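A structural walkthrough
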Amino acid sequence: SEKDENKEKDKSTISFKDVAGLEEIKEELQETIDFLNNPHKYIKMGAKIPKGILFYGPPGTGKTLLAKAVAGETNSTFLYSSGSEFVEKYVGVGAKRVRTLFERAKKEAPSIIFIDEIDAIGAKRNLDSNNEKDQTLNQLLVEMDGFNTSETVIIVGATNRIDLLDEALLRPGRFDRHIYVGNPNINAREKILEVHTKNKPLDSAVNIKSIAQKTTGLSGAELANIANEAAIIAVRNNKNKIFINDFNQAIERVVAGLEVKNPSIL
Ligand code: ATP
């Protein structure tokens, strides 16, 4: 039926093997995964599993990917939203969207609610005002407090600016797990490049380690972009595999793009 199809659409096909170089974080998420896979074990023991996880750190480092992978590892419904979707002119609209999202998550449990750019709704409140943004945030707090232990819904927030968030959001029972997701080091860059070249034909002289050495400071998203650009460049040059030179051009292109966007970073 159409409803089943919609349900399938919200399942994640991403798993931990798609997430490279974030081993400690994956380890930290094992408990959440075990809870979603075997909730009764925890419920019987009277154990409360933290329901809110906050990923923070620079853009493109795998925050969304990690959340999708948790959903994939547990066959949970993945409900993506961005904080900016809740920001509305009319009072009450954002709060209603929050309510609807949580209702849906409970109905389709086990589920992961992912809220990207949570700072858009989670920034510090003006205590004496009752504006739209504050009402939306209040609704989010109410929903997070309203979970009972047996509900298999996990809320994952992501932000580049944890410093902007209202403390109420970070309190126990809400987003009480804060996990920093940073740019990859050389070993992680190598692993990320391996994941993103796995299904691409590479010339035998292509050395992933040396590409990892040349890409200091780049994020996972930028490395994924380099692997894809290299493949496109190889196609454009009518080659049947990707050569070192294609990678070098791809690196130049991606780095040049970054310089245009933000001249101060390199
Ligand atoms: P933003 O803060 O901009 O939302 P993000 O941290 O959520 O960024 P993702 O959307 O998860 O970043 O990453 C974008 C893409 O970059 C992923 O879909 C994936 O292709 C690639 N990527 C990023 N990090 C990794 C990683 N650790 N392993 C494999 N691929 C990665």
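This text goes with the structure placed above it.
Read on for an overview of the structure. Everything numeric here is computed off the predicted structure, so don't read it as measured data.

Another aspect to go through is the site of the ligand. In the vicinity of the ligand, 18 residues are found, and the nearest of them are Ala 20, Gly 60, Lys 63, Thr 64 and His 196. Gly 60 places a main-chain nitrogen or oxygen 2.8 Å from an oxygen atom of the ligand. The separation between an oxygen atom of the ligand and a polar side-chain atom of Asp 116 is 3.2 Å. Protein chains bury 78% of the 630 Å² of accessible surface belonging to the ligand in isolation. Those elements that place two or more of their residues in the shell around the ligand are helix H4 (63-74), helix H9 (186-197) and helix H11 (220-236). Taken together, the residues of the shell around the ligand break down into eight nonpolar, seven polar and three charged.

The subject of this paragraph is the packing of helix H5 (residues 93-107) against helix H7 (residues 132-145). One way to put it is that H5 packs onto H7 with a least axis distance of 7 Å and a crossing angle of 20°. When the axes of H5 and H7 are compared, the pair comes out roughly parallel. As H5 packs across H7, the resulting crossing turns out to be right-handed. Along its contact with H5, which presents Val 93, Gly 94, Ala 95, Val 98, Arg 99, Phe 102 and Lys 106, the element H7 presents Glu 132, Gln 135, Thr 136, Gln 139, Leu 140, Glu 143 and Met 144. Taken together, the residues of the contact of H5 with H7 break down into six nonpolar, four polar and four charged.

With that settled, consider the packing of helix H2 (residues 23-37) against H4. Packed helices, taken two at a time, are described by their axes: the angle between them and the distance between them. Closest axis-to-axis distance for the H2/H4 pair is 10 Å, and the angle between their directions is 40°. Relative to H4, the element H2 lies oblique. Read as a crossing pair, H2 and H4 show a hand that is right-handed. In this structure, H2 uses Ile 25, Lys 26, Leu 29, Ile 33, Leu 36 and Asn 37 to contact H4, whose residues at the interface are Leu 66, Val 70, Glu 73 and Thr 74. Classifying every residue of the contact of H2 with H4 by side-chain character gives six nonpolar, two polar and two charged.

This part takes up the sheet that holds strand E2 (residues 77-82). What the five strands build is an open sheet, ordered E2-E3-E4-E1-E5; its pairing is parallel. Each end of this open sheet is capped by a strand with a single partner; those strands are E2 and strand E5 (175-180). Sheet twist, expressed as the average angle between the axes of neighbouring strands with direction ignored, equals 20°. In this structure, E2 lies alongside strand E3 (residues 111-116), joined through six bridges in parallel fashion. Note on E3: the bridge partner recorded for Ser 82 is Asp 116.

Across the five residues that make up strand E1 (residues 52-56), a large majority, four, are buried. Pairing of E1 with strand E4 (residues 153-159) involves five bridges; the strand directions are parallel. For Tyr 56, the partnering residue across the bridge sits in E4 and is Thr 159. With five bridges joining them, E1 and E5 adopt parallel strand pairing. For Phe 55, the partnering residue across the bridge sits in E5 and is Ile 179.

The topology assignment puts Ser 81 in strand E2. With residues near it in sequence (within four places) discarded, Ser 81 still touches Phe 86, Leu 101, Phe 114, Ile 115 and Asp 116.

With respect to burial, E3 is a largely interior element, six of its six residues being buried. Of the strand pairs in this sheet, E3 and E4 are connected by five bridges, and their pairing is parallel. The residue of E4 that forms the bridge with Ile 112 is Ile 154.

For the rest of this paragraph, the subject is the pattern of salt bridges. The tally for this structure, following the rule as stated, stands at 11 salt bridges. Its salt-bridge partner being Arg 104, residue Glu 108 comes within 3.2 Å of it at the nearest N-O pair. What makes Glu 108 buried here is its relative accessible area of 15%. Here Asp 246 ties to Lys 239 by a salt bridge, and the two come within 2.9 Å at their closest N and O atoms. In this structure Asp 246 comes out as buried when scored by relative accessible area, which is 0%.

Rules and cut-offs
Residues numbered from 1 in each chain as written. Predicted model: local features only at pLDDT ≥ 70, side-chain atom pairs only at ≥ 80, totals over all residues. Heavy atoms only, no water. Near = heavy atom within 4 Å. Polar contact = N/O pair within 3.5 Å; in protein donor to acceptor, adjacent residues only side chain to side chain. Areas by Shrake-Rupley, 256 points an atom, 1.4 Å probe, with all protein chains shown as cover. Helix = DSSP H or I, 4+ residues; strand = E, 2+ residues; numbered from the N terminus. Nonpolar A, V, L, I, M, F, W, Y, C, P; charged D, E, K, R; others polar. Axes fitted to C-alpha atoms, helices over the stretch in contact; angles between N-to-C directions. Parallel < 35°, antiparallel > 145°, perpendicular 65-115°, else oblique. Left-handed = near helix turned anticlockwise from the far one by under 90°. Contact = heavy atoms within 4.5 Å. Pairing = 2+ DSSP bridges. Buried < 20%, exposed > 50% of the residue type's maximum accessible area, 1.4 Å probe, protein only. Salt bridge = Lys/Arg side-chain N within 4 Å of Asp/Glu carboxyl O.

From the geometry alone we can't say anything about function, so treat these as descriptive.
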